[in-house]
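Reading the structure
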Amino acid sequence: MVNCLSDLFQAEVEETLKRIQSHKGVIGTMVVNAEGIPIRTTLDNSMTVQYAGLLHQLTMKARSTVRDIDPQNDLTFLRIRSKKHEIMVAPDKEYLLIVIQNPCE
Amino acid sequence: AGTMEIVYVYVKKRSEFGKQCNFSDRQAELNIDIPPSPQLAEQFVERNPVDTGIQCSTSMSEHEANTERFEMETRGVNHIEGGWPKDVNPLELEQTIRFRKKVEKDENYINAITQLGSVRLPRRQRSGPQPSLCFPTCMSGPSEKDTSWNLPSGSRQTGPPCTDQRHCIKQNNAIDIYQEYFDDEDAVEVMEEAPSAKTINVFRDPQEIKRPATHLSWHPDGNRKLAVAYACLNFQRAPEGMSNDSYIWDLENPNRPEIALKPSSPLVTLEYNPKDSHVLLGGCYNGQIACWDTRKGSLVAELSTIEFSHRDPVYGTIWLQSKTGTECCSASTDGQVMWWDIRKMSEPTEVVIMDITKKEQLENALGAISLEFEPTLPTKFMVGTEQGIVISCNRKAKTQAEKIVCTFSGHHGPIYALQRNPFYPKNFLTVGDWTARIWSEDSRESSIMWTKYHMAYLTDGAWSPVRPAVFFTTRMDGTLDIWDFVFKQCDPALSLKQVCDEALLCLRVQDNGCFIACGSQLGTATLLEVSQGLCTLQRNEKNMASSIFERETRREKILEARHRELRLKEKGKAEGRDDDLREEEPTLNLEELVTKAEEEFFDIIFRELKRREAEAVKKKPKPVALRVRPISVAELEEGATLIAHKVDEQMVVLMDPMEDPDDILRAHRSREKSYLFDVAFDFTATQEMVYQATTKSLIEGVISGYNATVFAYGPTGCGKTYTMLGTDHEPGIYVRTLNDLFRAIEETSNDMEYEVSMSYLEVRPAPTPAWTRGPLRAGTRRIQVQIYNEMIRDLLNPALGYLELREDSKGVIQVAGITEVSTINAKEASLEQLAGAVERSTHPSPGGDGRGLGRAARE
């Protein structure tokens, strides 16, 4: 029963990630854990590792900034707009969901 | 350091010198011989090496100076993938995959991802355990886990969750926030800087004898070269040995001209061919036209024959727009304008004589000084003449007579420059005598705009090729003016006073409008650069310039029409008068004229006298009268004495009551104060006397229409009411005045109609502030304040309360709301009425304090 449930849930996860990836303009999606290890990714390894490491640190910094200013506050979302694309980071207690999208297409 | 010779000179007698030194030679003598002794050597030890200083110099100490040490190390950083738990080797693919799979199975993971990536959910409120997701209903069990959103307690989240990935992705796809929205609007730069110009370069005539620079021409391609023509224009005053050369300068090299052009006679004008930049056209002083090709050298390539050339110096040469690019046109003060083809310079292709009487008489022709030809209007050309007239001609007319279309006159002297506005060819600029004028082709009688008359003669002018409203002029005092009539019409926008010490003779603007070259009396060509604002087209400038032109043209047209009307009228009148004169002959009777003149004279005098009288009456000084009342019984009982004594008809003396007649010390000091009035009354004066002396004379004036005022002023109880109103037995001024007034009205009732109305009001001071109470000291000041504080009451209708004093539009002071009573005769304006009114107002108050000041005024 539990296995069945977890499979269901996993399917849900797959479904979500696939849906995100299929959106217009999305270049890559990845899931990074609290240590900065990429759990799931659609990009190649080198890019993934880079993104994972760097964005993890950045998210931590952003979160600490927000908390420093107002301890009652917390980081909910991080969007980095660059010339070429937009990196969106959805932070969680343990994981980060990172999406890279090219919005101008 | 300089050596100072120190010399010591002494004098010694030769005899004191002593014996002269004599040197002699002698053999060497051995004085001592010490052989080397080996025993001595044993006492010495050889030391090898020996460290000995061999330098013979100053000894110096050694110092070390060092900053604080900062240890630096260069290190490299070796990045390896980290974060992996200890048991997982990041390089091993299998292990990483296994790890990843494990994580994916983690519930937290599942929850988190689903949340982060799924469709927008309503924000949850933090209170107790949170239901995690909207899963299908088979959810149960450990779903109360705290997954994401570990929000601190107490905070409530409201508002839309924009933290959802998909939401953001969709957002990005929906709208591009960096899209340029206002691309098409040009960044309008507002030129705030003041117009300015600076001299870039100066090209001086290398010749010994300086000749004036008469004409300038820019190289058509790139404007990197400047051709300058030099000629002495004073008739037969060219000094001996003056060169005929004209030069082409390269802008980069002001020291030496690049090419010299050598004509046989000095060049008055010089023009580059706009189609072929190697070809130049020059007009000579002797009337010939010369043509150069710079590739061929300095000598003339083509020269027109003397017989068919002009008879006077050629002042204007222009290249024409033609397919071959070889046609040109020249104008001279001999009154002819000639067309040439440079391939065949032996004779002109066409000659037009500038005879405005259209009879083609060379003798009547006007000398041409400037020539204008606009490529966009190829059939028309304009000539500016020595006589100050601009002639507009049509080249394509069939007959010679028709070639001259119209003339514009307005200048007093030769027109040195003539140019059409590059943007609005219908308007052209002429420069001559002391003004520059702008004309419109439509208005023939006068220019539409002109500058003021300057102190110096204007020598040349040109429009700016980039800005329709800007033109330049040069003056005999070495000034270059830049005019911008959209900015300022009366004065130049910029006046460069010190371009040259000598007169500036010619001016040429480069095609980009930025550079201006001017030539001077001494052959110096100055190159100036104007500020950006003057050579960039401003916003709306074209429209503004054209509207200014149109407006001025319209104004001139209206004036012209008016003039024409007036002239027609004059003509008509002149003709009419002629007719009249012819019909009747007025007999010039001397006697009648004399009497008529006398009458007029006396009329004038009479009128003047009357006027003076009227003024005198108005200006009569207002007489001031003083009336002293008799001392009352109550006062006598108190022991008071009379203070004011009337000395004569006009003087009243006040005796200081404090004076002790026995006080010898003060006996001689005058304690009296004397006052002078126009008329003074004491207690012996009757009402009739007072009336006669003060008011009676005013009646006549009132009848005539003048205003009169009788003003009674004084402290309470001094007799104002008695004087003005009086009693039944002793009527006062009011009654007497009314009597006389009505009598006068009756006497003249046949001639005039009168309307009499009366008001009776009282002016009382309002409750005064404390400081005005007390004995009068600085009397005038307090009284003034009292006036401001006064309140006016209508005594015929006191129930109205206090009324306001106002001034009507004619300046007449009125009391708002006063009761006016019309009267026919004095009887009706009965005393009782007035007396009753007075009773109502006057309160017998203990006089003496400053508060009691009241006045009753009657107009």
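Residues numbered from 1 in each chain as written. Chains lettered and ligands numbered in written order. Predicted model: local features only at pLDDT ≥ 70, side-chain atom pairs only at ≥ 80, totals over all residues. Heavy atoms only, no water.

Quick look at the overall build of chain B now. Looking only at helices and strands, chain B has 16 helices and 42 strands in total. Here chain B holds 859 residues, and the buried ones make up 37% of them. Long-range contacts, defined here as pairs at least 24 residues apart, represent 53% of the contacts in chain B between residues at least 6 apart. Accessible area of chain B: about 55,300 Å², with a carbon and sulfur share of 53%. (Helix = DSSP H or I, 4+ residues; strand = E, 2+ residues; numbered from the N terminus. Buried < 20%, exposed > 50% of the residue type's maximum accessible area, 1.4 Å probe, protein only. Contact = heavy atoms within 4.5 Å. Areas by Shrake-Rupley, 256 points an atom, 1.4 Å probe, with all protein chains shown as cover.)

Helices and strands together make up the secondary structure of chain A, namely two helices and five strands. Counting across all 105 residues of chain A, residues that qualify as buried make up 48%. Sequence-distant contacts, at least 24 apart, represent 37% of the contacts inside chain A between residues at least 6 apart. On chain A, roughly 5,500 Å² of surface is accessible, and the fraction owed to carbon and sulfur atoms is 55%.

Here we come to the interface of chain A and chain B. Many analyses report the size of an interface as the accessible area lost when the parts associate. With 40 residues of chain A in contact, the opposing surface of chain B contributes 41 residues. For the pair chain A and chain B, the two sides together bury roughly 3,900 Å², of which 62% comes from carbon and sulfur. Our count for the contact surface shared by chain A and chain B stands at one salt bridge. Remark: the boundary between chain A and chain B carries seven residue pairs in polar contact (both at pLDDT 80 or more). Of all the secondary-structure elements, those providing two or more residues to the side of chain A that touches chain B are α1 (2-22), β1 (26-33), β2 (38-41), β3 (78-81), β4 (86-91) and β5 (95-101) of chain A. Element by element, the count of residues in the side of chain A that touches chain B is highest for α1(A), at nine residues. (Buried area = accessible area lost by both parts, 1.4 Å probe. Salt bridge = Lys/Arg side-chain N within 4 Å of Asp/Glu carboxyl O. Polar contact = N/O pair within 3.5 Å; in protein donor to acceptor, adjacent residues only side chain to side chain.)

Residues and elements named next belong to chain B. Positive phi, close to 35 degrees, is recorded for Asp433, a residue that is not glycine. Tracing the chain through its elements places Asp433 in the loop between β19 (427-432) and β20 (435-440). On the accessibility criterion, Asp433 (0% relative accessible area) is buried.

Counting 25 residues, the largest nonpolar core has A:Leu17, A:Val31, A:Leu97 and B:Tyr109 as its most contacted members. Counting only elements with at least two residues in this core, the list comes to α1, β1, β4 and β5 of chain A together with α2 (93-105), α3 (107-117) and α4 (165-174) of chain B. The element best represented in this core is α3(B), accounting for five residues. Setting aside chain neighbours within four positions, we find A:Leu97 in contact with A:Leu17, A:Ile20, A:Thr29, A:Met30, A:Val31, A:Met88, A:Val89, A:Ala90, B:Leu116, B:Gly117 and B:Gln165. Membership of the second largest hydrophobic core comes to 20 residues, among which are B:Phe681, B:Leu738, B:Leu741 and B:Phe742. (Core = buried A, V, L, I, M, F, W, Y, C linked by side-chain atoms within 4.5 Å.)

In this section: the pairing of strand β31 (residues 651-655) of chain B. Residues and elements named next belong to chain B. The pairing of strand β30 (residues 644-646) with β31 spans three bridges and is antiparallel. Bridge pairing in β31 places Ala644 opposite Leu654. Between β30 and the antiparallel strand that follows it, β31, lie four residues. Pairing of β31 with strand β32 (residues 672-676) involves five bridges; the strand directions are antiparallel. By the bridge assignment, Met655 is partnered in β32 with Glu672. (Pairing = 2+ DSSP bridges.)

This part is about the packing of helix α11 (residues 687-694) of chain B against helix α12 (residues 696-704) of chain B. Residue and element names in this part refer to chain B. Running from N to C, α11 and α12 cross one another at 45 degrees; their axes reach a closest spacing of 4 Å. The angle between α11 and α12 places the two elements in the oblique class. Packed against α11, whose contacting residues are Tyr691, Gln692 and Thr694, the element α12 presents Lys696, Ser697, Leu698 and Ile699 at the interface. Classifying every residue of the contact of α11 with α12 by side-chain character gives three nonpolar, three polar and one charged. (Axes fitted to C-alpha atoms, helices over the stretch in contact; angles between N-to-C directions. Parallel < 35°, antiparallel > 145°, perpendicular 65-115°, else oblique. Nonpolar A, V, L, I, M, F, W, Y, C, P; charged D, E, K, R; others polar.)

Our next topic: the packing of aromatic side chains. All names here are of chain B. On inspection of all chains with the given rule, the structure shows 17 aromatic pairs over all chains. Geometrically, the ring pair formed by Trp434 and Tyr457 is edge-to-face, given 5.3 Å between the ring centres and 80 degrees between the ring planes. Of this pair, Trp434 sits in the loop between β19 and β20 while Tyr457 sits in the loop between β21 (449-450) and β22 (458-463), and the two are 23 residues apart along the sequence. Under the relative-accessibility criterion, Trp434 is labelled partly exposed at 34%. Taking the relative accessible area as the measure of exposure, Tyr457 reaches 25% and is therefore partly exposed. (Phe/Tyr/Trp six-rings, centres within 6.5 Å; stacked < 30°, edge-to-face > 60°.)

Okay, the pattern of salt bridges next. Residues and elements named next belong to chain B. Enumeration over the complete set of coordinates arrives at 37 salt bridges over all chains. Among the salt bridges present, the one from Glu441 reaches Arg420, with a minimum N-O distance of 2.5 Å. Placement of the pair is Glu441 in the loop between β20 and β21 and Arg420 in strand β18 (residues 415-420), with a sequence separation of 21 residues. The same class applies to Glu441 and to Arg420, which are both buried. Glu688 is the partner of Arg736 in a salt bridge, and the nearest nitrogen-oxygen pair spans 2.2 Å. Placement of Arg736 in helix α14 (residues 733-747) and of Glu688 in helix α11 is noted, with a sequence separation of 48 residues between them.

Turning our attention to the sheet that holds strand β14 (residues 368-373) of chain B. Residue and element names in this part refer to chain B. Spatially, the four strands line up as an open sheet ordered β14-β15-β16-β17, and their pairing is antiparallel. In this open sheet, the two strands that pair with only one neighbour each are β14 and β17 (404-409). Going from strand to strand, the sheet's axes swing by 20 degrees on average, the running direction of each strand aside. Bridge analysis of β14 against strand β15 (residues 380-385) gives five bridges, and the strand direction is antiparallel.

A few words on the state of the cysteines. Between two cysteines, a covalent bond joining their sulfur atoms is known as a disulfide. According to the stated counting rule, one finds zero disulfides over all chains in the structure shown. A disulfide-free cysteine, B:Cys291 has its sulfur positioned 7.3 Å from the sulfur of B:Cys328, the nearest such atom. (Disulfide = S-S within 2.5 Å.)

Residue and element names in this part refer to chain B. If you check UniProt for "binding site: ATP" (unreviewed entry), the listed places come out as Gly714, Pro715, Thr716, Gly717, Cys718, Gly719, Lys720 and Thr721 in our numbering. Assignment of secondary structure puts Pro715 in the loop between β34 (710-711) and α13 (720-724). Looking at the secondary structure, you find Thr716 in the loop between β34 and α13. A residue is classified by how much of its surface remains accessible, and Thr716, at 23% relative accessible area, is partly exposed. (UniProt positions renumbered as here; feature names shortened; annotations may be inferred.)

Turning to α4(B), a few remarks are in order. Because the α-helix completes a turn every 3.6 residues, residues three or four places apart line up on one side. If you check which residues of α4(B) are buried, you get B:Gln165, B:Arg166, B:Cys168, B:Ile169 and B:Asn172. In a view along the axis of α4(B), the buried residues occupy a sector of 160 degrees, so they form one face of it. (Arc of directions from axis to C-beta.)

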